[in-house]
Amino acid sequence: RKLNQYEINAGFKAIYNDLPSIMDIIKSGDRILIHSGNYDISITWQHTINNLQNVSFIGIESDVLFLGSININNSNISFQNISFIPGPTIFAHDSRLRVRENSELIHVSGSSELSLEKCKFKFRQRGIMIEPNASLTANKCEFIGGSTAIQISFTAKDVK
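Q: Honestly, the overall build of the protein chain in this entry has me stumped. Any pointers?
A: Looking only at helices and strands, one finds 3 helices and 18 strands in the protein chain. Pairs at least 24 apart in sequence give 43% of the contacts found in the protein chain among residues at least 6 apart. About 9,100 Å² of surface is accessible on the protein chain, with carbon and sulfur atoms providing 47% of the total.

Q: Honestly, the side chain of aspartate 30 in this entry has me stumped. Any pointers?
A: You can see aspartate 30 is positioned in the loop between α2 (20-23) and β1 (31-34). Polar contacts involving the side chain of aspartate 30 include one to the main-chain amide nitrogen of lysine 27, which spans 3.0 Å.

Q: Which parts of the structure should I look at to understand the packing of aromatic side chains?
A: Given two aromatic rings, one states the distance between the centres and the angle between the planes to describe the pair. In total, this model carries 8 aromatic pairs according to the counting rule given. Each ring, one from phenylalanine 121 and one from phenylalanine 143, has its centre 5.0 Å from the other, and the planes form 10 degrees; the classification is stacked. Placement of phenylalanine 121 in strand β13 (residues 120-123) and of phenylalanine 143 in strand β16 (residues 142-145) is noted, with a sequence separation of 22 residues between them. The exposure class of phenylalanine 143 is partly exposed, given its relative accessible area of 26%.

Q: Help me understand the pairing of strand β12 (residues 113-117), please; the structure alone is not making it clear to me.
A: Taken residue by residue, a regular strand's side chains alternate between the two faces of the sheet. Of the two faces of β12, the one lined by Leu114 and Leu116 is fully buried and the one lined by Glu113, Ser115 and Glu117 carries no buried residue. Looking at chain direction, β12 and strand β15 (residues 135-139) are connected through 5 bridges and run parallel. Its bridge partner lying in β15, leucine 116 is registered against alanine 138.

Q: How do you make sense of the nonpolar core when you look at a structure like this?
A: Side chains that are nonpolar tend, in soluble globular proteins, to be buried together. Ranked by internal contacts, the top residues of the largest apolar core, which has 33 residues, are Phe66, Phe79, Phe84 and Ile106. Among the elements that take part in this core, strand β11 (residues 104-109) stands out by supplying 3 residues, more than any other.

Q: Help me understand the sheet that holds strand β3 (residues 48-50) in this model?
A: Where strands meet in a sheet, backbone hydrogen bonds hold them as pairs that are either parallel or antiparallel. Pairing is parallel across the open sheet formed by 5 strands, whose spatial order is β3-β6-β11-β14-β17. Edge positions in the sheet fall to β3 and β17 (148-152), since each has one partner strand and no second. Each neighbouring strand pair of the sheet contributes to a mean axis angle of 10 degrees, computed without reference to strand direction. Of the strand pairs in this sheet, β11 and strand β14 (residues 126-130) are connected by 4 bridges, and their pairing is parallel.

Calculation criteria
Counting from 1, residues in each chain are numbered in the order their sequence is written. Given that this is a predicted model, residues contribute local features only at a pLDDT of at least 70 and side-chain atom pairs are listed and counted only at 80 or more, while totals for whole chains, interfaces and linings are drawn from all residues. The side-chain values count all of the structure's non-hydrogen atoms but skip hydrogen atoms and water molecules. For the purposes of this entry, the term helix denotes a DSSP run of H or I that reaches at least four residues, the term strand denotes a run of E that reaches at least two, and both are numbered from the N terminus. Residue contacts follow a heavy-atom distance rule, with two residues in contact if any of their heavy atoms lie within 4.5 Å. Computed with the Shrake-Rupley method and a 1.4 Å probe, the accessible areas treat only the protein chains shown as cover for residues. Polar contact is defined as a pair of N or O atoms within 3.5 Å, subject to the rule that within protein one atom must be able to donate a hydrogen and the other to accept it, and that residues adjacent in sequence are counted only when both atoms are side-chain atoms. The rule is short: rings of Phe, Tyr and Trp, with Trp giving its six-membered ring, pair when the centres are within 6.5 Å, and they are stacked under 30 degrees, edge-to-face over 60, tilted in between. Each residue is assigned to one of three classes by its accessible area relative to the maximum for its type, calculated with a 1.4 Å probe on protein chains only: buried under 20%, partly exposed between the two thresholds, exposed over 50%. At least two bridges found by DSSP between two strands are what make those strands a pair. Among the buried residues, those of types Ala, Val, Leu, Ile, Met, Phe, Trp, Tyr and Cys that are joined through side-chain atoms within 4.5 Å form a nonpolar core. With axes taken as lines fitted to C-alpha atoms, and helix axes fitted only over the stretch in contact, angles between N-to-C directions fall between 0 and 180 degrees.

Dropping the structure here:
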């Protein structure tokens, strides 16, 4: 598929068919339009977005689903119109591989700023963890299940 006129006018440069192919080339200031589909982000981002500023991930259709958890460190990231559900983490225990679900979907640390708009979170434990010096802005988001939608450190920078 080629860029449509809206994408060209908005300054988009190329189309990629999956998230892994773009993760090595994302730079600060990028806007990523994401079409409908299920994306295993645990594998894609190897669990951490680090030192990226003003990067936006925008679901442009109603059924964009991220499976897994994300750690955001010293970054300014926004997600719009994306649903998040937990995915398994594989780890070694007693010389055997085990699978467990991560305790939160998004973990925000360092001097990170996370912005969420029209996102949905379905989880069993925590949806989002905001560590010291990090901040969160969430608008029109839905949290389904779990014991704690947002856990906030008492030294978090700002939560709106």
